[in-house]
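Coordinate analysis (summary)
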Amino acid sequence: MKQIFLATILGLSLSLVNGCTESSKTDDSSKKTETAAATKSADQGKDAMNTNEVAVIKTAYGDMVVEFWPDVAPKTVENFKSLAKKGFYDGTAFHRIVKGFMIQGGDPLTKDPSKEDRWGTGGPGYSIDAEFNDRPHVRGVLSMARSQNPNSAGSQFFICLGDASFLNRQYTAFGKLIKGDDVLTKLGDVETAISGGGEKRKPTSRQGLESIKIVPASQVK
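Residues numbered from 1 in each chain as written. Predicted model: local features only at pLDDT ≥ 70, side-chain atom pairs only at ≥ 80, totals over all residues. Heavy atoms only, no water.

Here the focus is the overall build of the protein chain. Broken down by element type, the protein chain carries three helices and 11 strands. Evaluated residue by residue, the protein chain yields a buried proportion of 44% over its 221 residues. (Helix = DSSP H or I, 4+ residues; strand = E, 2+ residues; numbered from the N terminus. Buried < 20%, exposed > 50% of the residue type's maximum accessible area, 1.4 Å probe, protein only.)

On to the packing of aromatic side chains. For the structure on display, the rule yields nine aromatic pairs. Relative to Phe-166, the ring of Phe-101 has its centre 5.9 Å away and its plane inclined at 40°; by these criteria the two rings are tilted. With Phe-101 in the loop between β4 (96-98) and β5 (102-105) and Phe-166 in the loop between β7 (157-160) and β8 (173-179), the pair connects residues that are 65 residues apart, well separated along the chain. Note on accessibility: Phe-101 and Phe-166 belong to one class, buried. Plain terms: the ring middles of Phe-158 and Tyr-171 are 6.1 Å apart, the flat faces sit at 80° to each other, and that makes the pair edge-to-face. Of this pair, Phe-158 sits in strand β7 while Tyr-171 is found in the loop between β7 and β8, placing the two residues 13 residues apart along the sequence. Each member of the pair, Phe-158 as well as Tyr-171, carries the same accessibility label: buried. By way of ring pairs, the aromatic residues Phe-68, Phe-80, Phe-88, Tyr-89, Phe-94, Phe-157 and Phe-174 are connected into one cluster. The ring centre of Phe-88 lies 5.9 Å from the NZ or CZ of Lys-111, which sits over that ring. (Phe/Tyr/Trp six-rings, centres within 6.5 Å; stacked < 30°, edge-to-face > 60°. Lys NZ or Arg CZ within 6 Å of the ring centre and 35° of its normal.)

Once that is clear, we can look at the nonpolar core. One finds Met-64, Phe-80, Ile-103, Phe-157 and Ile-212 to be the most contacted residues of the largest nonpolar core, which totals 31 residues. Of all elements in the fold, only β1 (53-59), β2 (62-68), α2 (74-85), β6 (141-144), β7, β8, α3 (181-188) and β11 (208-216) reach the threshold of two or more residues within this core. At four residues, the largest contribution of residues to this core is made by α2. The next biggest cluster of nonpolar side chains, apart from the first, holds 13 residues, and it includes Cys-160, Ala-164, Phe-166 and Leu-167. (Core = buried A, V, L, I, M, F, W, Y, C linked by side-chain atoms within 4.5 Å.)

When we look at burial in α3, the residues that qualify are Val-183, Leu-184, Leu-187 and Gly-188. Burial along α3 is one-sided: seen end-on, the buried residues are contained in an arc of 135°. In this structure, the buried residues of α3 make contact with β1, β2, β4, β5, β7 and β8. (Arc of directions from axis to C-beta. Contact = heavy atoms within 4.5 Å.)

Turning our attention to the environment of Val-66. Within the secondary structure, Val-66 sits in strand β2. The residues contacting Val-66, other than those within four sequence positions of it, are Val-54, Ala-55, Ile-57, Leu-142, Gly-175, Lys-176 and Leu-177.

To continue, consider the sheet that holds β1. The antiparallel open sheet is built from nine strands, whose spatial order is β3-β11-β1-β2-β8-β6-β7-β5-β4. Single-partner strands in this sheet number two, and they are β3 (92-93) and β4. Of the strand pairs in this sheet, β5 and β7 are connected by four bridges, and their pairing is antiparallel. By the bridge assignment, Gln-104 is partnered in β7 with Phe-158. Each of β1, β2, β6, β7, β8 and β11 touches α2; the most contacted strand, β11, lies at about 115° to it. (Pairing = 2+ DSSP bridges. Axes fitted to C-alpha atoms, helices over the stretch in contact; angles between N-to-C directions.)

This part covers the confidence of the model for the protein chain. Any region with low pLDDT has predicted coordinates that should not be read closely. When the pLDDT values of the protein chain are averaged, the result is 84; 76% of them are 70 or greater. Contacts from residues 7-50, a stretch scored under 50 in pLDDT, to residues over four places away or in other chains number 38 contacts. (pLDDT = per-residue confidence, 0-100.)

Let us now look at α2. Over its 12 residues, α2 extends 16 Å from the first C-alpha to the last, a length consistent with the 16 Å expected when each residue adds 1.5 Å. For α2, the complete set of buried residues consists of Thr-76, Val-77, Asn-79, Phe-80, Lys-81, Leu-83 and Ala-84. The positive-phi residue at the C-terminal boundary of α2 is Gly-87, with phi of around 80°. (Expected span 1.5 Å × (residues − 1).)

Here is the structure:
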């Protein structure tokens, strides 16, 4: 199984007939029905894109709240929200933390300490296509981790701890932190140890991700 990671750049390690008259009436009716259905579908799509929902990421240090960018990464946002609503992320952990760069989580294997040697390789059992866009990777930005294949993202994600412009248009940015920057700081500052590849990125103590809940933005104060 491929390791889900962020490519190494600048020294940083970076995962949808009965007759003419009757036929005419039927055609007109069919057209109206199709038009109505198309309009309804378009409206539903618009509503889905404009749904003002946020993600509340609960950790031992407190909550982080993330807003989504469905205008630039609709499929990625929908995938993340769908997984979160199923409880997929609950009980996982941030298994990779690179100081000043990013914190990475979303691997279901991190729910099981006995599989620690495989942490970073897990996913939902499928991949989604990349939706690279012009949103810059700066502190607080939520983006998808992947392997060397651009279309290999699944469930693993990362949150930037600082400016990571070298990732722009190479990884799918799909949201940004709007609350809980202090929590991000605490996670980014945890003690780490050298792991595979000689990179100091493995937290020396478990950094649990208790849950990710998708809620209306109006519920977040």
